[in-house]
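One letter stands for each residue in the lines below.
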Amino acid sequence: QLPAGVKVGSYIRSDVVLDSIKADVQLPEGDEVSMTSVGESEGSECNAACMEKEIHDLASKLGGSYVDEELTVDLASGTRLNLHMAKKADREFTVKLVSLVRDIRGAVEMHTDLAGRMKNQAELIKGRFLGIKALQEQYGPDGVAQQGMELFQMTLGTILDSLQGAYQGQIVGVLLFNGVSLPESEAMLNVKFTSRTSRLLEENAPTPSPTLIVEILLVRSTLAWITGIILLISTLLGMFFLFNMPITRDTLLYSNVKLD
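Predicted, not measured: the structure shown is a model, and the values here were computed from it.

Caption draft 1: How the structure looks around the nonpolar core. By size, the foremost hydrophobic cluster in this structure holds 31 residues, and its most contacted members are Leu71, Phe93 and Leu151. Here this core takes eight residues from helix α2 (residues 88–116), the largest share from any one element. Excluding its chain neighbours within four sequence positions, the residues that come into contact with Leu151 are Leu62, Val73, Leu75, Leu81, Leu83, Phe93 and Leu97.

Caption draft 2: Inspection of unusual backbone geometry at higher detail. A positive phi angle, near 55°, is found at Asp68, a position not held by glycine. As for its position among the elements, Asp68 is in the loop between β3 (65–67) and β4 (70–74). The backbone of Glu69 shows a phi angle near 60°, a positive value even though the residue is not glycine. One can find Glu69 in the loop between β3 and β4.

Caption draft 3: Representation of empty space enclosed by the protein within the structure. Scanning the entire structure with this criterion turns up one cavity of 30 Å³ or more. Considered as a void within the structure, the largest cavity measures approximately 30 Å³ in volume. Only β2 (33–38), α2 and β6 (122–127) provide two or more residues apiece to the lining of the largest cavity. Among the residues forming the lining of the largest cavity, the class breakdown is five nonpolar, two polar and one charged.

Caption draft 4: The UniProt feature "transmembrane region" (unreviewed entry) in the chain, seen in detail. The residues that UniProt annotates with the feature "transmembrane region" (unreviewed entry) are residues 223–243. Structurally, residues 223–243 is divided into 100% helix and 0% strand, and its ends, taken at the C-alpha atoms, are 31 Å apart.

Caption draft 5: Structural view of the sheet that holds strand β5 (residues 80–84). The three strands are arranged β3-β4-β5 in an open sheet whose pairing can be described as antiparallel. Each of the sheet's edge strands pairs with one partner strand only, and the pair in question is β3 and β5. Each adjacent strand pair in this sheet contributes to an overall mean axis angle of 15°, direction not counted. Of the pairings in the sheet, the one linking β4 to β5 comprises five bridges and is antiparallel in character. In the strand pairing of β5, Leu71 is matched with Leu83. The strands touched by helix α4 (residues 144–166) are β4 and β5; relative to β5, the strand with the most contacts, the crossing angle is about 100°.

What counts and how
Residues numbered from 1 in each chain as written. Predicted model: local features only at pLDDT ≥ 70, side-chain atom pairs only at ≥ 80, totals over all residues. Heavy atoms only, no water. Core = buried A, V, L, I, M, F, W, Y, C linked by side-chain atoms within 4.5 Å. Buried < 20%, exposed > 50% of the residue type's maximum accessible area, 1.4 Å probe, protein only. Helix = DSSP H or I, 4+ residues; strand = E, 2+ residues; numbered from the N terminus. Contact = heavy atoms within 4.5 Å. 1 Å grid on protein atoms, 1.4 Å probe; cavity = no way out; pocket = protein on both sides within 12 Å on 5 of 7 lines; lining within 4 Å. Points joined across faces, edges and corners; volume = space filled by probe spheres on them. Nonpolar A, V, L, I, M, F, W, Y, C, P; charged D, E, K, R; others polar. UniProt positions renumbered as here; feature names shortened; annotations may be inferred. Pairing = 2+ DSSP bridges. Axes fitted to C-alpha atoms, helices over the stretch in contact; angles between N-to-C directions.

Quick look at the structure:
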């Protein structure tokens, strides 16, 4: 289910069984599609002070608190999640979650910039969240890991709300929850750019006007009639000379035999 409080026009939830846990997405080259990857920076562009501020802001949005390097959030299930930044797994989960929020904010800013330039361009935001894996490896699949999933869903709700507001509801999202852990170097969706030169040439070719089309058809019809008339005259002349050919001379028809 979608996180509680998320406002969407409609959504479909289904379980899909696939032969492969990865899929390829083909996109055209050029300026037709703008792709932004989120959730992969992992705070590399944010120093310690920046990260502290981001965690505090996230806690405020989720109705929690961040005091003395401890993130505390009350979950929808009625439990309370405490994440201590001194613990490696807790900090890794929190940093990945904050990085996802930062990257989404950057994608929204990029969308605003593109909209200001009046570019009619499709936008694709692709990302993944691997923070749950750190909690599962440290605490197991239940307990803290399950609470971390609830916190992620709450954060996802704020992300969807910000995207809905930025795109004014004109956005389609696909959320994939997969129980199989992939290496960090791999992703479920592999985006490939394909060449569309021939199609672009066809689209950019000028469309002939109706007058030009009529002129072309008239020229073709005239040439066809002239060619037909010439062939008819040639055939009649050939038949005329054939029937009026003297038979007293050496010809190929009579094998050089003279009749007179």
